[in-house]
Amino acid sequence: MGLAQTLLRSRAVAALATPHPVDRYLELVNPMWAVQEVRAVVTGVRRETGGEHPVTTLVLQPTPTWRGHRAGQHVQVGVELPGIATRLTRVFTISSAASAPGEKITLTIRAHDHRDGRPSVSRHLATAAEPGTVLHLSQAMGDFTLPVSPATPGIDPLLFITGGSGITPAMSMLRTLLRDGYDGRAGRPVMFLHYARSADDQIFAGELAAIAAADNDVTVHLRHGHQLFNEPDLRRTVPGYRDTDTWVCGPGGLVDLVRAAYPDASPARAGRLRVEFFKPPASAGSGSAEGDVTFARAGRAAANTGASLLEQAEVLGLRPPSGCRMGICFSCTARKTEGTVRNVVTGVESSMPDEDIQICVSSPVGDCVVDL
Amino acid sequence: MTTTHPHTLSPEQLATFGEELDAIRQRVLADLGAADADYIRRVVKAQRGFEVAGRALFYVPPAWPLAVAALSVSKILDNMEIGHNVMHGQYDWMGDPGLNSRMFEWDTMAPSENWKYGHNYVHHTYTNIVGKDRDIGYGILRMDEDQEWHPYYLGNPLYAFLLMTFFEWGVALHDLEVDELVAGRRTWAENRQIAARIWRKVRKQTFKDYVLFPALTGPLFPLTFAGNVVANLVRNVWAFNIIFCGHFPSGVATFSMEECEDETRGHWYYRQLLGSANITGSRLMHVMSGNLSHQIEHHLFPDLPARRYPEIAEEVREICERYDLPYNQGPLHKQLASVAGKIFRMALPPRRKTAEPVAPLAETPAAA
């Protein structure tokens, strides 16, 4: 495939395929042939936990276009659910150690409930994906990563605080450290503090037990049941936690509690606490003009007036591209990253994150963030 | 304002008329799914097949006509059933970047970015409003009574012929609005980006069809070159004719800016209906025209997948009957003859007295 890849990626082949990308031709022959886009085929499926919200690890072989990832990064996964011809895209954290270009990766996914009758991508992937399933990927993205590489190992201690499926980026970092030769002689204590609903809901239980038992400087603290994160417990477990590089990932409630335990980060501690949390799509009642509208790229926000997003953007002095202002020309399509919008023409409300909407006929219902 | 619309609706009628069409739209939107996705993917697959076959057959000199035919079909499918419709956002709901209106680029000289502005926005919003819709005569031709006559328009048939022959170039240059530039209502600065896009696209298209692919066939260079010229020409002629049959057959109404001020949704639908004409024909004809043979339905619902237009048409016709509105349709040869007649008629100055009884509407429902 080496020579073929080089040839297919050449400018000459692109000039022959123009105006269409070369991938538009290759995908018709074999979806795993690509020169620009990234796709991956499922090669293994591992059930991590059972119950109502099972967690599954998918082993993925990406196309050679995969540029690799740093531990802690996430990836957009696009998939067409049966019965729906729409490709839905969701973000999942990579749970395997840092990968080189073209290398296999794993995603560890908890099956969430269907919300408002909308299909759940996570449930589909966690329960229905099987070897041979092809997924559409983005390149790896995100800055919630370890700043050190094996070549320049730091000596500062590391603390991971995670809840539920927020364990995945921390696990990727831990696996990377251990794979790249991290052991007890590194002199760099790693504390791994994780909150799970129950022992049965504990993801990676076997691997974590093995890590805890092995000769390394990793201490694993697992908290199960109704025990919420609390500062005294953290102080007892990691006395100097406020001066420790800390990575926090989990549901919003956990993140808020942890943030409160790291008050007024002094300049010396700035950057000690790194946070990533999963935001569930905010659902709001119909017809209300509450909440705030945020235009992320412009860095502007204002109280939602209930007018179309286009009008609200223009009131703030933004000039997003637009055309017909009645929903037919698609000049104004923009990406809504969070929140619920109502299509004023059809009356249909939609709360899907990272969704392309026509801002001239979409009015926000509650808080809403648009990439403009 | 010389245009009068013999079939006017009261404001109340316009409102219910709009509601009925909105209802069709809602119903189809709610029903979009696997059948539509499968359809457009099948068409894409067929188009790519024709394209690869066409390019390959140029290596077999006796198969030259076949190669040209396959490549022509490929370009027609690419531009019409795929390109035009995808760039309208008809398949954006699929979430497939390959079929997304913001990503798609078509196999013709006009860059999608320019075209989408002039077409999706200007033409589809201001359809047939004289002075606003730049697709009335494309700034070159006189296609409506309300365009003032000038001796320049004596060349109307010639300009139309040239536009047909070089249609892809015409579409590309259309967005520069050269007539507006000459009239001093547009500046070069406004055109810089548009021109840069055209230049980039034209370079790539020309290099591919007239240098690279001919060169790849070695000694057959001249044959392949000629074949690509013909394939582009076939597509030009076909696209031009289908498109001209969409808005210029006699009976199609135009509107003044005044009557479209503060327009209601109902009146917008009414204008789209009266401003468009359909071509009747076989299923193959519909596919090859990108279903623009259902120009009326396309103008009522530009963002619904075009494969739905035939089924929608039955309901639209029924609604038109109830509101006593004309539904302009006819077979290709008839609509073409009507368009050709208009091109010649408009070349001449208007005769004072007979001030053109607008729209011989009687002839239109005949072909139903």
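Cut-offs and rules
- Residues numbered from 1 in each chain as written.
- Chains lettered and ligands numbered in written order.
- Predicted model: local features only at pLDDT ≥ 70, side-chain atom pairs only at ≥ 80, totals over all residues.
- Heavy atoms only, no water.
- UniProt positions renumbered as here; feature names shortened; annotations may be inferred.
- Helix = DSSP H or I, 4+ residues; strand = E, 2+ residues; numbered from the N terminus.
- Rg over C-alpha atoms; globule rule 2.2 N^0.38 Å.
- Contact = heavy atoms within 4.5 Å.
- Areas by Shrake-Rupley, 256 points an atom, 1.4 Å probe, with all protein chains shown as cover.
- Lys, Arg positive; Asp, Glu negative; His and termini not counted.
- Charge placed at Lys NZ, Arg CZ, Asp CG, Glu CD.
- Buried area = accessible area lost by both parts, 1.4 Å probe.
- Salt bridge = Lys/Arg side-chain N within 4 Å of Asp/Glu carboxyl O.
- Buried < 20%, exposed > 50% of the residue type's maximum accessible area, 1.4 Å probe, protein only.
- pLDDT = per-residue confidence, 0-100.
- Pairing = 2+ DSSP bridges.
- Axes fitted to C-alpha atoms, helices over the stretch in contact; angles between N-to-C directions.
- Domains from an automatic or database assignment.
- Nonpolar A, V, L, I, M, F, W, Y, C, P; charged D, E, K, R; others polar.
- Core = buried A, V, L, I, M, F, W, Y, C linked by side-chain atoms within 4.5 Å.
- Phe/Tyr/Trp six-rings, centres within 6.5 Å; stacked < 30°, edge-to-face > 60°.
- Patch = residues over 30% accessible without salt bridge, like charges linked within 9 Å, V, L, I, M, F, W, Y side chains within 5 Å.
- Polar contact = N/O pair within 3.5 Å; in protein donor to acceptor, adjacent residues only side chain to side chain.

As annotated in an unreviewed UniProt entry, chain B carries the name Acyl-CoA desaturase and is attributed to Nocardioides gansuensis.

Per an unreviewed UniProt entry, chain A goes by the name Oxidoreductase and belongs to Nocardioides gansuensis. Under the UniProt heading Cofactor (unreviewed entry), the entry covering chain A gives this text: "FAD".

J.: Mind showing me how you'd approach the overall build of chain B here?
T.: When helices and strands are tallied, chain B shows 14 helices and 2 strands. In terms of C-alpha radius of gyration, chain B reaches 21 Å, essentially the compact-globule figure of 21 Å for 368 residues. Judged by the C-alpha coordinates and their principal axes, chain B covers about 65 × 50 × 40 Å. In chain B, 70% of the contacts between residues at least 6 apart in sequence involve partners at least 24 apart. Roughly 15700 Å² of accessible area belongs to chain B as shown, and the carbon and sulfur atoms make up 64% of that amount. Taken together, the 36 basic and 43 acidic charged side chains of chain B have centroids lying 7 Å from each other.

J.: How should I be thinking about the interface of chain B and chain A in this particular structure?
T.: Contacts between the two partners involve 43 residues from chain B and, on the opposite side, 25 residues from chain A. Both faces considered, chain B and chain A share a buried interface measuring about 2900 Å² in area, 58% of it formed by carbon and sulfur atoms. Contact with chain A buries area across many residues of chain B, yet Arg48(B), Arg102(B) and Tyr121(B) alone supply 18% of it, more than any other trio. On inspection of chain B and its partner chain A, the count reaches 3 salt bridges.

J.: Sorry, what's going on with helix H4 (residues 121–128) of chain A here?
T.: Since one α-helical turn is 3.6 residues long, residues separated by three or four positions face the same way. When you tally the buried positions in H4(A), you get 6 out of 8 residues, the bulk of the element. Listed as buried for H4(A) are Val121(A), Ser122(A), Arg123(A), His124(A), Leu125(A) and Ala126(A).

J.: Would you mind showing me how to read the pattern of salt bridges here?
T.: Per the counting criterion, the structure on display carries 39 salt bridges over all chains. With a shortest N-O distance of 2.9 Å, Arg223(A) and Asp233(A) are connected by a salt bridge. Separated by 10 residues along the polypeptide, Arg223(A) in strand E9 (residues 218–224) and Asp233(A) in helix H7 (residues 231–237) bring together distant segments of the chain. The closest approach of N and O atoms between Glu177(B) and Arg134(B), which form a salt bridge, is 3.6 Å. You can see Glu177(B) sitting in the loop between helix H6 (167–174) and helix H7 (178–182) and its partner Arg134(B) sitting in the loop between helix H4 (112–125) and helix H5 (156–165), a full 43 residues away along the chain. For Glu177(B), a relative accessible area of 16% translates into the label buried. Among the residues examined, Arg134(B) registers a relative accessible area of 16% and is labelled buried. A cluster of three or more residues bridged by salt bridges with shared partners is formed by Asp31(B), Asp36(B), Arg307(B), Arg308(B) and Glu311(B).

J.: I tried to follow the confidence of the model for chain A on my own but got confused; where do I start?
T.: The predicted coordinates of low-pLDDT regions are not to be read in fine detail. Residue and element names in this part refer to chain A. Within chain A, residue pLDDT values average 87, and 91% of them lie at 70 or more. Per-element confidence in chain A is highest for strand E2 (residues 55–62), whose mean pLDDT is 98, and lowest for strand E11 (residues 273–278), whose mean pLDDT is 77. Counting interchain partners and residues more than four positions distant, the pLDDT-below-50 stretch residues 279–287 has 19 contacts.

J.: Help me understand the sheet that holds strand E4 (residues 87–93) of chain A in this model?
T.: Backbone hydrogen bonds hold the strands of a sheet together, and the pairing may be parallel or antiparallel. Residues and elements named next belong to chain A. Read across the open sheet, the 6 strands follow the order E4-E3-E6-E1-E2-E5; overall the sheet is antiparallel. What marks the edges here is a single partner per strand, and that holds for E4 and strand E5 (105–110). Taking each pair of neighbouring strands and ignoring which way they run, the sheet shows an average axis angle of 40 degrees. By the bridge criterion, 2 bridges tie strand E3 (residues 74–80) to strand E6 (residues 134–137) in an arrangement that is antiparallel. Looking at the pairing, Val-77 lines up with Leu-137 of E6.

J.: Would you mind going over the environment of Phe240(B) with me for this structure?
T.: Residues and elements named next belong to chain B. If you trace the backbone, Phe-240 turns up in helix H9 (residues 221–247). Sequence spacing of Phe-240 and Arg-48 is 192 residues, and the spatial spacing of their C-alpha atoms is 23 Å. Contacts of Phe-240, omitting those with residues within four sequence positions, involve Ala-160, Leu-163, Met-164 and Phe-167.

J.: What exactly am I supposed to notice about the UniProt feature "domain: Fatty acid desaturase" (unreviewed entry) in chain B here?
T.: According to UniProt, the positions carrying the feature "domain: Fatty acid desaturase" (unreviewed entry) are residues 63–329 of chain B. Between the C-alpha atoms that bound residues 63–329 of chain B the distance is 38 Å, and the span itself is 58% helix and 1% strand.

J.: In this structure, what is going on with the confidence of the model for chain B? I would like to understand it.
T.: All names here are of chain B. Mean pLDDT over chain B: 92, with 94% of residues reaching 70 or higher. Within the model, pLDDT remains below 50 along residues 359–368, and this stretch shows 19 contacts once partners closer than five positions in the same chain are excluded. At the level of chain-chain contacts, confidence expressed as ipTM amounts to 0.90, with global pTM at 0.87.

J.: Quick question: what am I supposed to make of the domain arrangement of chain A here?
T.: When the parts of a complex come together, some accessible area is lost, and that lost area is often used as the size of the interface. Residue and element names in this part refer to chain A. One can read the domain layout of chain A as domain 1 (37–137), domain 2 (158–278) and domain 3 (292–370). Taking only C-alpha atoms into account, the centre of domain 1 sits 24 Å from that of domain 2. Tallying the contact residues gives 18 residues for domain 1 and 18 residues for domain 2. In total, domain 1 and domain 2 occlude about 1400 Å² of area from one another, counting both sides; carbon and sulfur atoms represent 51% of this. With 3 residues, E5 is the single largest residue contributor to the side of domain 1 that touches domain 2. Broken down by class, the residue content of the side of domain 1 that touches domain 2 amounts to 5 nonpolar, 11 polar and 2 charged.

J.: Looking at this structure, how should I read the nonpolar core?
T.: Soluble, globular proteins show a tendency: their nonpolar side chains are buried together. Residue and element names in this part refer to chain B. Counting 49 residues, the largest nonpolar core has Tyr-91, Leu-99, Leu-141, Met-143, Leu-163, Phe-240 and Phe-244 as its most contacted members. Those elements that place two or more of their residues in this core are helix H2 (34–57), helix H3 (64–87), H5, H6, helix H8 (188–216), H9, helix H11 (283–288) and helix H14 (332–347). Here this core gets 6 residues from one element, more than from any other, and that element is H3. In this structure, Leu-21, Ile-24, Leu-32 and Cys-320 belong to the second largest nonpolar core, which totals 36 residues.

J.: Help me out: how do you make sense of the packing of aromatic side chains in this one?
T.: For any two aromatic rings, the description comes down to two numbers: the centre-to-centre distance and the angle of the planes. Residue and element names in this part refer to chain B. Applying the stated criterion across every chain, the model contains 20 aromatic pairs over all chains. With 6.3 Å between their ring centres and 75 degrees between their planes, Phe-255 and Tyr-270 make a pair best called edge-to-face. Of this pair, Phe-255 sits in the loop between H9 and helix H10 (265–274) while Tyr-270 is found in helix H10, placing the two residues 15 residues apart along the sequence. Take Tyr-270: its relative accessible area is 4%, and that puts it in the buried class.

J.: What should I look at first to understand the side chain of Glu180(B) in this one?
T.: As for its position among the elements, Glu180(B) is in helix H7. Beyond its immediate sequence surroundings of up to four residues, Glu180(B) is in contact with Arg134(B), Arg185(B) and Arg186(B).

J.: Any chance you could explain a nonpolar patch on the surface here in plain terms?
T.: All names here are of chain B. Among the surface-exposed residues, Leu-158, Phe-161, Leu-162, Phe-166, Trp-169 and Leu-173 lie close enough to one another that they form a single nonpolar patch of about 580 Å² accessible area. Those elements that provide at least two residues to the nonpolar patch are H5 and H6. Broken down by element, the residue count for the nonpolar patch peaks at 3 residues, all from H5. By the secondary structure assignment, Phe-161 is in helix H5.

J.: Whenever I open this one, the environment of Thr57(A) confuses me. Can you help?
T.: Residue and element names in this part refer to chain A. In this fold, Thr-57 is placed in strand E2. As a C-alpha pair, Thr-57 and Ile-94 span 37 residues in sequence and 9.9 Å in three-dimensional space. Look past the residues within four positions of Thr-57 in its chain and what remains in contact with it is Gly-44, Val-45, Arg-46, Glu-48, Thr-106, Leu-107, Thr-108 and Phe-204. Among the polar contacts listed, one links the side chain of Thr-57 to the side chain of Glu-48, at a separation of 2.5 Å.

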